[in-house]
Amino acid sequence: VSGLRSESVGLDTVGYIEAIENISNGRLDLAYGMEWSFRYICYAMSFVIKEPQIYLVIFAVIINTLIVLRLWDFNECISFGWSVFVYYTMFYFTSMNLTRQYIAIAIVFYATRYFKVKKGARCVFHSTPLILQIKPFPEPGCGWSGRRLR
């Protein structure tokens, strides 16, 4: 649903639409405030996708799929239904305004599954998650022992 929103929904949907149109036309320099990686990803997508609304749909699918898949990993410790409910009621609507940031959050959140099995090097694309290799955090809903909290 968030990818199908109108330009009038959210504070920066219009900004994303304009930036995507500029990037699609080869004017990467006019996408002010956008990270270079986001610009080049959109530019690469522009060879296949012409409609800016499709970009928003793809970004929404990426965000929600990665977050829900990672929440599923915790189904032994916490209720999957409740965790999805909490995500959609507390964070879903902010993902419409913070699309680029939520893509990064979703990727890092999903990548934390590799730190649990000591395969952190597979998901190191930025220096920030390296802290998880030094001091791993307990899974939500589970204590340090990994048993379900009641």
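Keep in mind that this is a model prediction, so the values were computed, not measured. (Residues numbered from 1 in each chain as written. Predicted model: local features only at pLDDT ≥ 70, side-chain atom pairs only at ≥ 80, totals over all residues. Heavy atoms only, no water.)

Draft legend 1. Structural detail: the overall build of the chain. In terms of helices and strands, the chain carries six helices and zero strands. Each helix and strand of the chain, placed in order from N terminus to C terminus, yields the pattern α-α-α-α-α-α. Evaluated residue by residue, the chain yields a buried proportion of 35% over its 150 residues. In the chain, the share of contacts with a sequence separation of at least 24, taken over all contacts with a separation of at least 6, comes to 51%. Counting only carbon and sulfur atoms, one obtains 66% of the accessible surface of the chain, whose full area is about 9500 Å². (Helix = DSSP H or I, 4+ residues; strand = E, 2+ residues; numbered from the N terminus. Buried < 20%, exposed > 50% of the residue type's maximum accessible area, 1.4 Å probe, protein only. Contact = heavy atoms within 4.5 Å. Areas by Shrake-Rupley, 256 points an atom, 1.4 Å probe, with all protein chains shown as cover.)

Draft legend 2. Focus on the pattern of salt bridges. Throughout the structure, instances matching the rule amount to four salt bridges. With a shortest N-O distance of 3.0 Å, Arg70 and Asp73 are connected by a salt bridge. Note that Arg70 and Asp73 are positioned in helix H3 (residues 52-73) at a spacing of three residues, about one turn of the helix. Classification of Asp73 as partly exposed rests on a relative accessible area of 24%. Arg113 is paired through a salt bridge with Asp73; the nearest N and O atoms lie 3.0 Å apart. Highlighted residues: Arg113 in helix H5 (residues 99-116) and Asp73 in helix H3, separated in sequence by 40 residues. Because the salt bridges share partners, they merge into one network encompassing Arg70, Asp73 and Arg113. (Salt bridge = Lys/Arg side-chain N within 4 Å of Asp/Glu carboxyl O.)

Draft legend 3. Region of interest: the nonpolar core. Core analysis: the biggest nonpolar cluster contains 29 residues, and Cys42, Tyr55 and Phe59 have the highest contact counts within it. Taken together, the elements giving at least two residues each to this core come down to helix H1 (13-24), helix H2 (36-45), H3, helix H4 (80-90) and H5. For this core, the leading source of residues is H3, giving seven residues. Beyond its immediate chain neighbours, meaning those up to four positions away, Phe59 contacts Ile20, Phe38, Cys42, Met45, Thr99 and Ile103. (Core = buried A, V, L, I, M, F, W, Y, C linked by side-chain atoms within 4.5 Å.)

Draft legend 4. Quick look at the packing of H1 against H3. For the pair H1 and H3, interaxial distance at closest approach is 9 Å and the crossing angle is 115 degrees. As judged from the angle between their axes, H1 and H3 are roughly perpendicular. At the point where H1 passes H3, the crossing takes the right-handed sense. Residue-level inspection shows Thr13, Tyr16, Ile17, Ile20, Glu21 and Ser24 of H1 in contact with H3, the latter providing Pro52, Gln53, Tyr55, Leu56 and Phe59. Taken together, the residues that form the contact of H1 with H3 break down as seven nonpolar, three polar and one charged. (Axes fitted to C-alpha atoms, helices over the stretch in contact; angles between N-to-C directions. Parallel < 35°, antiparallel > 145°, perpendicular 65-115°, else oblique. Left-handed = near helix turned anticlockwise from the far one by under 90°. Nonpolar A, V, L, I, M, F, W, Y, C, P; charged D, E, K, R; others polar.)

Draft legend 5. View of the packing of aromatic side chains. In the structure shown here, the tally under the stated rule is nine aromatic pairs. Taking 5.0 Å as the distance between ring centres and 85 degrees as the angle between the ring planes, the aromatic pair formed by Trp72 and Phe80 counts as edge-to-face. Residue Trp72 is classed as partly exposed on the basis of its relative accessible area, which comes to 47%. For Phe80, a relative accessible area of 27% gives the class partly exposed. With a centroid separation of 6.2 Å and an interplanar angle of 45 degrees, the aromatic rings of Phe74 and Phe109 are classed as tilted. (Phe/Tyr/Trp six-rings, centres within 6.5 Å; stacked < 30°, edge-to-face > 60°.)

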